Every structure is written in structure tokens, then in C-alpha cells.
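# What the coordinates show
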Amino acid sequence: MKRFGRLLFCFCLTIAFGGIIVNAQDFHSYANPAAVRVRHVDLDWNVLFQQKILKGTATLTIDRISPSEPLVLDTRDLKIDQVETSVDGTRFQAGTFTLGAADKILGAPLTIQLPAKATRVRIHYSTSPGASGLQWLEPAQTAGKKDPFVYTQSEAIHARSWIPLQDTPSVRVTYSARVRTPRNLLAVMSAENLSGTVRDGDYSFRMRQPIPSYLIALAVGDLRFRALGPRTGVYAEPSTLALAARELSDTEKMVVATERLYGPYRWGRYDILVLPPSFPYGGMENPRLTFATPTILAGDKSLVSLVAHELAHSWSGNLVTNATWRDFWLNEGFTTYLERRILEAVYGRSREEMEAALGLRDLNDEIASLPDADEILHIDLKGRDPDDGSTDIPYEKGALFLRHLEQTFGRARFDQFLKSYFNHFSFQSITTEQFQAYLKQNLLDKYPDLASKVPVDEWINQPGVPASAPKPTSQAFAQVETEASRWLSNQIPAARIPTARWSTQEWQHFLTFVQNSFEPPASGGAAGTQLSQTEKARLMSELDRAFNLTRSGNSEIVFQWLVMSIRNQYEPANARLEEFLMTVGRRKFIRPLYQELAKTPAGKEKALAIYRRARPTYHPIAVTSIDDVLKWSGE
Ligand SMILES: [Zn+2]
């Protein structure tokens, strides 16, 4: 855990809400939006692949609430060349600024003195090659291997490493951008594309709806586009495009299903950008253009829950946004709940049950390993990197809380409540307290008898989950357990387990069940099963022969198989483990694999040997995590 050694400047943002005054302290921004508030950003860059920098200007349009106050912006590793201010909005003159000392987590505050009546500020700057929000890929790191690629990842507080701005989700801005690139490459952004897909190295964008800074996004590479529906489509490198279009062909259906549940999609187009494999996350809900990992392209649509998740953010997160990072569960818990409702609408109840049961498994594993304070939805992240709060708690505990509300109040009432919540707070950033007040007024107080069955305060402010929490189960998983038990008790060989129609989720459950039965009862294994190392190796190799798991092209299945292989010292998977870690950069997969390896001295040695070569190909966000896991000393 990273902590600051000193007290930080922070700003107390006061929001008037239905007569209640809510204090939202964003400990992760130097900005002073209650005194000067940025409302529009005009960006103009040259994308310089040789130097691995963006160079250009950011012109901010501001509202002066306390006219004597300077403008304070967030920056990280930016080189500020010059600052100008303008009173009439068009003529600019040189201004004065100071760049404060850099904090390891927050970066450095940029303070700009404002002449009376100045309404625009222009900053001439360039990024640094190591900017935490940018990843520059060599041609060899792309699918096509011919051209370089760059993409951004701004959430949580990485926008400040490529744009000087008020980098707090409590401030929403509209933006425009002009991006110059090498002529053969295409630039895309989380905005309306004003240049179409004609490749000329000069692209213009406009985002007319106010969004928080962490949703500003850019990617440049050898990208092609294919339409999926009237307002949906996919961008990918040429060699990935056909596979991506097939796999994501239900996207339009998902948009329609979500609109039916929660009201109109408000962002115009919904496109998906499939990135090269080093992308550290599964997906990022950049408005109008979800960024996605290629590891969801399983060939059978079994991993498109990711699209349902990122699409759901168009309501929970992008439309109604967490005001600070301690309210992150308002983004992710709601989105995880919505994701499963979308999957149910498009693929049926059984799929929803499987996903919810897997979610509960992940939540229980997470709770077993986290300190109490980190199990609280309304988490205290003061003095910590907000990326530390990105555990299963905001996602799965948040979703389980909403499931509890749905089951208690009934689906019809709860759906109505959510729809009105999204309408009421649309294009606003809100705190947990604001959600709680709205919940009380619009659901709890209307049905006091039902309300008494949901311990809302315990859900939001206490560790663990309440005893009355729902326990999602899956019929399909019960069947999988029966089959697995028959195999484990030698009634049938592995090859006769009826897996032909299994989904990825059933495979995940099967492998978890098998691993649990390998482990001593104390850690949750099936009672009475104590297998020798030799016996485990025999069973692993029987499974591998029957189902070729080591060579599985499904990222979720092969990931879980590799975790099992490390735990059970299944040597034939070693080469695949190395290949996986060398080619995939998704943190959800690589962090647990390195953690698992690091549990034994020999494993740690192997991990370091792989990491030494893989590290330069990983995204800075993944590097920070893995450095921590392996106590990397910077050799
Ligand atoms: Zn999310």
C-alpha cells in the first residue's frame, strides 16, 4: 500500500442537493472547481511516434466563481512550455504560471494566474514518453506488426499525464480535438468523429455532452472500421477486424435491450475499438467508443459480457458519474448489476445465473484476502492511489446490494426506480450520500415494511456482506458439479464428461470445482479428498489429454488452467504459461499468475525471468501492479 508522507492540499467541493449540503472531497485532485471551473476543452496535438510524445495545446474555457482565485490544474510528467490567457476568447497574451512539486500519486499542480475577466486559458505543452495514461506500442507489439500504435487509458487519474486539466470526476467538460498523425494511420476518440474514416493524417472530433476527464480517450494506429448495426460498429487492426465483427455481432441487440430497461441511449453512436493485447483492462467505457481487449474474442460469443458491461456504463458511470473515487461503486456496482440484466435479456436467465454465481465466488475470494477497511463500498482512499480501490468490492458487492434491493422490492418497482435515478441525475457527478438520499426518498420511504429487510447502512459502510445478502446459484453449475464428481470418483474417464455444450462459464466453474477438491478441506476443498501430488498430476494430465486445455484459445479458460497448473506443478503447461505472459497484458490475468508463481522460491525465480522480458511490453498501469507483486527492484 502506497501512502503519502505529508498532508495534501485538497479541495472541499460543496454541492447543493435538494436542500442538503453534501461535501465531496476529492483527495485525488489539486483542482479548485468551486472557485474556477473548466467547462470546455479544445485540444490540438501532433502525435510524434518517434519521440513517443503528444505535443500541442489545450485551451480551457472557464467559469469564474471566485474572480480573485487562480486556476489550479492537475498534471503529471507534463512539460509546460508556455501559458496564455484571453479575455475576449480569441486574442491570447502571455500568462504566468507555477508548476508545483510532484507527488508520486497525484502529480504536480499547475497554478495559472488569471487576469480580471479572463475566460480562456491556453497551455502549450508536451507529454513525457513514460506518461502513465499513454501506451506507445512498437510495430512488433501490434497484431499487424507493420505500424506503431498509441492509446490512452485515463481512469482513474491518468488523464493528467496527457492533458493539463481539472482531473476530478466531479468536473464535467465538453471537448473538441484536432489530431495530426502519420498519414497512413487513423485516429479515433471518445467523441463524434468529424472527419469520417478518410485517412489523411488530420482528424477532428467533438464531444458535445459534458463528461468527466477520465472519459477523454484517444487511439491512433492502422485501424479499419466495420458497421455492426445502424448506430454500432467496430474498429480494429485489419487482421483482427473480421473475427471482431463476428464476435461482437450482438452489440446492436444489447443496445436495444438496455434501452428497453433503462431508457434511451444518449450518446448517438456506440462503437467498439479492439486494441492490441497489451491493453491492461478488459474494457474501458469511453463514451461512444468502448476500448476492449482482444482477449474477449473467444470465437463463441461467450466473453461478450464485457460488451454488456461497457455498454451499461453509458447509463451508470458516463451518464451518472461517481463524484470522487471513493464513490467508485456507484459506477461499477451499478454497471455489474446492469451487465447481468442485459445478458439475461439477450441470452436468457441461465446465463445470468452463471455470471452471478461466478461473481459471488470472486467476491468471497476477495473478501477472504482483503483487510476490513477495503471491504467497504464507500471506501476511504485518502492518501492512496485510487487504482488501489479497484477490487471486486465495488463491482461484485455493489451488484449484490442492488440484487438485494431488486429481490426485496420486486423487479418492476426496482426497474422503475433505476430508470428514474438515471433520468434524475443524468449528466451529473454524484456522491454516495446523494445516492442514499435519493434511494430513501424514492424507494425506501415508499415501502417501509420492505425497506426494513435491507440493511442499507451495513451494505454501504460495513465490511463483508450482510447475512441477508442474496446467494445467486446456477442450475447449470449444479449439473457441472455432478459430472465433475463422477469423474473425480473414478466413475467415468475425463473424456466422457459431457462437455460438448458447455459455455465458458461452465468450464470456469468446472475447473474451480476440481481445484477446490484438490486442496485440503481447511481451504474450502471437498471434505475428505486429500490427493497426493502424483495423483493430482495424473488428473491434470488426463484433463489436458481429453480437452487440450493447455492449448485452449479461450483466455478465461486458459487463464484458470494456468493458475491450476502452477498450483499443482503441472510441468507440461510451462511453455504455454510463458507464452501467455509474454503476449497478454490484461492485468486481470497476469497479476494473479505472477502472484501464484511468487508463492514459492522456484516459482518466483521463474516469474522474474519471464517478467524481465515481458515488462517492456506491458502497460504502465500493469507494470505498477506487477512490480509490486514481484518486489521488482528496477534491474
Ligand atoms: Zn466498469
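Throughout this document, residue positions are counted from 1 along each chain, in the order its sequence is written. At least 70 in pLDDT is required for a residue's local features to be given in this predicted model, at least 80 for side-chain atom pairs to be given and counted, and no such filter applies to totals for whole chains, interfaces and linings, which use all residues. Note that water and hydrogens are dropped before the side-chain values are worked out from all heavy atoms of the structure.

### As for helix α7 (residues 411-424)
Helical geometry note: an α-helix holds 3.6 residues per turn, so side chains three or four residues apart project in the same direction. Strands here are runs of E lasting at least two residues and helices are runs of H or I lasting at least four, both read from the DSSP assignment and numbered beginning at the N terminus. Here the expected span of a helix is defined as 1.5 Å times the quantity of residues minus one. Compared with the 20 Å implied by 1.5 Å per residue over 14 residues, the 20 Å span of α7 between its first and last C-alpha is a close match. All buried positions along α7 are accounted for by Phe414, Asp415, Phe417, Leu418, Tyr421 and Phe422. On an axial view of α7, the arc spanned by its buried residues comes to 160°, and they lie on one face. Facing away from the buried side of α7 by more than 90 degrees, the exposed set consists of Ala412 and Gln416. Contacts are assigned to residue pairs that have any heavy atoms within 4.5 Å of one another. Among the structural elements, α2 (251-262), β23 (320-322), α4 (328-347), α6 (392-409), β24 (428-430) and α8 (432-444) are those in contact with the buried residues of α7. For the exposure calls, accessible area comes from a 1.4 Å probe over protein chains only, and a residue counts as buried if that area is under 20% of its type's maximum, exposed if over 50%, partly exposed in between. The arc in question is traced by the directions running from the helix axis to the C-beta atoms.

### Things to note about the coordination of the zinc ion
Reference values for coordination geometry: four tetrahedral donors around a metal ideally subtend 109.5 degrees, six octahedral donors ideally subtend 90 or 180 degrees. In this listing, donors mean N, O and S atoms no farther than 2.8 Å from the metal, or 3.2 Å for Na, K and Ca; water is missing from the atoms, so a site can look incomplete. Around the zinc ion, the donor atoms from the protein are His309 (NE2), His313 (NE2), Glu332 (OE) and Glu332 (OE), and they sit 2.1 to 2.7 Å away. Of note is the zinc ion, whose four donor atoms meet at the metal with angles of 53 to 151° in an arrangement that counts as irregular. Counting along the primary sequence, the residues that act as donors to the zinc ion give the motif H-x3-H-x18-E. One exposure class covers both His309 and His313, and it is buried. Any site counts as irregular unless it has four donors with all angles between 85 and 135 degrees, making it tetrahedral, or four or six donors with opposite ones more than 155 degrees apart and the rest between 65 and 115, making it square planar or octahedral.

### Some thoughts on the packing of helix α15 (residues 574-583) against helix α17 (residues 601-614)
In contact at an axis separation of 9 Å, α15 and α17 are set at 35° when each is read in the N-to-C sense. In terms of crossing hand, the pair formed by α15 and α17 is right-handed. Listed contacts from α17 to Asn574, Glu578, Leu581 and Met582 of α15 are Lys606, Ile610, Arg613 and Ala614. Ten residues, namely Ala, Val, Leu, Ile, Met, Phe, Trp, Tyr, Cys and Pro, are considered nonpolar, four, namely Asp, Glu, Lys and Arg, are considered charged, and the remaining ones, Gly among them, are considered polar. Of the residues that constitute the contact of α15 with α17, the class distribution is four nonpolar, one polar and three charged. Note on definitions: angles span 0 to 180 degrees between N-to-C directions of axes, and those axes are lines fitted to C-alpha atoms, for helices only across the stretch in contact. Crossings are classed by handedness, with left-handed meaning an anticlockwise turn of the near helix from the far one by less than a right angle and right-handed meaning a clockwise turn.

### Points about the sheet that holds strand β14 (residues 186-189)
Pairing within the open sheet is antiparallel, and its four strands lie in the order β11-β12-β17-β14. Where the open sheet ends on each side, the last strands, each with one partner, are β11 (134-137) and β14. The mean angle between the axes of side-by-side strands here comes to 10°, regardless of whether they run parallel or antiparallel. Being paired, for any two strands, means DSSP has found at least two bridges between them. Two strands pair when backbone bridges link them, and β11 and strand β12 (residues 149-152) are joined in this way by four bridges, in the antiparallel orientation.

### Looking at the pairing of strand β20 (residues 270-274)
Burial analysis of β20 places five of its five residues in the buried class, the great majority of the element. Burial along β20 is two-sided: the face carrying Tyr270, Ile272 and Val274 and the face carrying Asp271 and Leu273 are both buried. Here four bridges tie strand β19 (residues 232-236) to β20, and the two strands are oriented parallel to one another. When the sheet's bridge partners are listed, Tyr235 is paired in β20 with Leu273. Pairing of β20 with strand β22 (residues 289-292) involves four bridges; the strand directions are parallel. From the neighbouring strand, Ile272 faces β22, where its bridge partner is Thr290.

### A few points about the confidence of the model for the protein chain
Looking at the protein chain, pLDDT values average 93 and 94% of them are 70 or higher. You can read pLDDT as the predictor saying how much it trusts each residue, on a scale of 0 to 100. Segment residues 1-23: pLDDT under 50, and 57 contacts once partners within four positions in sequence are set aside and those in other chains are kept.

### As for the packing of helix α14 (residues 555-567) against α15
A packed helix pair is summarised by two numbers, namely the angle formed by the two axes and the spacing between the axes. Across the interface, α14 lies against α15 with an axial gap of 10 Å and an inter-helix angle of 125°. Taken together, the axes of α14 and α15 lie oblique to each other. Handedness of the crossing formed by α14 with α15: left-handed. Between α14, through Ser555, Val558, Phe559, Leu562 and Ile566, and α15, the contact on the second element is made entirely by Arg576, Leu577 and Phe580. Here the contact of α14 with α15 is built from residues that sort into six nonpolar, one polar and one charged. Between 65 and 115 degrees an angle is taken as roughly perpendicular, under 35 as roughly parallel, over 145 as roughly antiparallel, and anywhere else as oblique.

### What about the packing of aromatic side chains?
Stacked, tilted and edge-to-face are the three classes assigned to paired rings of Phe, Tyr and Trp, where Trp is represented by its six-membered ring and a pair needs centres within 6.5 Å; plane angles under 30 degrees give stacked, over 60 edge-to-face, the rest tilted. Scanning all chains against the criterion turns up 41 aromatic pairs. Their ring planes at 70° and their centres at 5.6 Å tell us that Tyr421 and Phe425 sit as a pair that is edge-to-face. Look at Phe425 and you get buried, because its relative accessible area is 1%. Over the face of the ring belonging to Tyr447 we find Arg413, whose NZ or CZ atom lies 4.5 Å from the ring centre. We call a charge positioned above a ring when the Lys NZ or Arg CZ atom is no farther than 6 Å from the ring centre and deviates by at most 35 degrees from the ring normal.

### Thoughts on the side chain of Arg351
Tracing the backbone through its elements, the reader meets Arg351 in helix α5 (residues 349-369). In contact with Arg351, other than residues within four places in its own chain, are Lys301, Ser302, Val304, Ser305, Leu343 and Gln505.

### Describing the pairing of β12
The two faces of β12 match: Phe149 and Tyr151 on one face and Val150 and Thr152 on the other face are all buried. Pairing of β12 with strand β17 (residues 218-221) involves two bridges; the strand directions are antiparallel. Note that in β17 the partner of Tyr151 across the bridge is Ala219.

### Focus: the pattern of salt bridges
A pair is scored as a salt bridge if a Lys or Arg side-chain nitrogen falls within 4 Å of a carboxyl oxygen belonging to Asp or Glu. Counted under the stated rule, the structure contains 44 salt bridges. For Glu344, the salt bridge is made with Arg349, and the minimal N-O distance between the two is 2.8 Å. For Arg567, the salt bridge goes to Glu596, with nearest N and O atoms at 3.1 Å. One end of the pair, Arg567, is in helix α14; the other, Glu596, is in helix α16 (residues 587-597), with 29 residues separating them in the sequence. Taking the relative accessible area as the measure of exposure, Glu596 reaches 11% and is therefore buried. Among the ionic contacts, a cluster of salt bridges with common partners joins Arg341, Glu344, Arg349, Glu352, Glu353, Arg403, Glu406, Arg411 and Asp415.

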